[in-house]
Amino acid sequence: MQDSLFGDTPQPDQTLCEGAVVLGGYARRLDPVIGGLLEALAQDAPFRQMETPGGRKMSVAMTNCGGSGWVSDRAGYRYEGRDPLTGRPWPEMPAPLRDLARDSATQAGFTGFDPDACLINQYLPGARLSLHQDKDEADFSQPIVSVSLGLSAVFLFGGLSRADPVRKIGLEHSDVVVWGGPSRLRYHGISPVKEGDHALLGRRRINLTFRRVL
Ligand code: SIN
Ligand code: FE2
């Protein structure tokens, strides 16, 4: 989003289309705790660059917290209750993250969202995520809550088929995007992240994607 003239004033909410909204600055409450939370989570379940089913290494490094974690390897995309790297269950979803996800969904008009998965994406400058749908979950009546932290990024938001036009939306630290209902299966992605150094999180962008899987 555009820089605010008033520094700390959150951006107003921006409806993208039916069922999809950007909540500007809605994750600011995480600022005092996010550095420590990420460090502790990554110590338990380290960031790793997963392999696509086609055998390519993803540029984004990923880990998870919560009951189910999203994984990709030569066998495909799926959710796993345990971290394949360590054999242990994924770390518990910290309450401040779960509460933010619930409140964001409510703010966007989706009441009763209770996420059991939080995918944590780490983008170093140059990393990107190509257009895809989130469709490995059982119940598409539940929305996606996506929290942007650290370096800014250009979010690509398309339609229900890959060839539909794609909008480019600037996302800054602490912006939250929620999409569900008729927008739940819209294609989306992230353009290559530009070089930078964020005051709180350094030379990286972090994205938290909350979902209801089971
Ligand atoms: C995702 O679609 O999994 C992540 C999107 C983002 O990084 O903002
Ligand atoms: Fe996604």
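Please refer to the structure higher up on the page.
Residues numbered from 1 in each chain as written. Chains lettered and ligands numbered in written order. Predicted model: local features only at pLDDT ≥ 70, side-chain atom pairs only at ≥ 80, totals over all residues. Heavy atoms only, no water.

Participant: Residues and numbers for the side chain of Asp-134, please.
Facilitator: Mapped onto the secondary structure, Asp-134 falls in the loop between β7 (129–132) and β8 (144–150). In terms of polar contacts, Asp-134 uses its side chain to reach the side chain of Arg-211, at 3.0 Å. For Asp-134, the residues in contact, after removing those within four places along its chain, are Phe-140, Ile-144, Trp-179, Arg-184, Leu-185, His-188, Thr-209 and Arg-211. (Helix = DSSP H or I, 4+ residues; strand = E, 2+ residues; numbered from the N terminus. Polar contact = N/O pair within 3.5 Å; in protein donor to acceptor, adjacent residues only side chain to side chain. Contact = heavy atoms within 4.5 Å.)

Participant: Describe the site of ligand 1, with residues and values.
Facilitator: Around ligand 1, the structure places Asn-121, Tyr-123, Leu-129, His-132, Ser-146, His-188, Ile-190, Arg-205, Asn-207, Thr-209 and Arg-211. Within the complex, 98% of the 260 Å² of free accessible area of ligand 1 lies under protein. Here ligand 1 is seated within the largest pocket. With four residues, the single largest contributor to the shell around ligand 1 is strand β13 (residues 205–211). Class assignment for the residues of the shell around ligand 1 results in three nonpolar, six polar and two charged. (Near = heavy atom within 4 Å. Areas by Shrake-Rupley, 256 points an atom, 1.4 Å probe, with all protein chains shown as cover. 1 Å grid on protein atoms, 1.4 Å probe; cavity = no way out; pocket = protein on both sides within 12 Å on 5 of 7 lines; lining within 4 Å. Sits in = over half its atoms within 2 Å of the grid points. Nonpolar A, V, L, I, M, F, W, Y, C, P; charged D, E, K, R; others polar.)

Participant: Give a detailed account of the sheet that holds strand β11 (residues 176–179), specifying residues and quantitative values.
Facilitator: Across the sheet, which stays open at both edges, the seven strands sit in the order β1-β2-β11-β8-β13-β6-β3 with antiparallel pairing between neighbours. Two strands in the sheet have a free side with no partner beyond their single neighbour: β1 (14–17) and β3 (61–66). Within the sheet, the average angular offset between the axes of one strand and its neighbour, ignoring direction, is 20 degrees. Judged from the six bridges that link them, β8 and β13 form a sheet pairing that is antiparallel. By the bridge assignment for β13, Val-145 is matched with Phe-210. (Pairing = 2+ DSSP bridges. Axes fitted to C-alpha atoms, helices over the stretch in contact; angles between N-to-C directions.)

Participant: Describe the environment of Tyr-26, and please don't skip the residues or the numbers.
Facilitator: Here Tyr-26 is to be found in the loop between β2 (20–23) and α1 (31–44). As for Tyr-26 and Ser-148, which are separated by 122 residues in sequence, their C-alpha atoms are 9.9 Å apart. Apart from the residues lying within four places of it in its own chain, the contact partners of Tyr-26 are Leu-100, Asp-103, Ser-104, Gln-107, Ser-174 and Val-176.

All we've got here are geometric facts, nothing functional implied.
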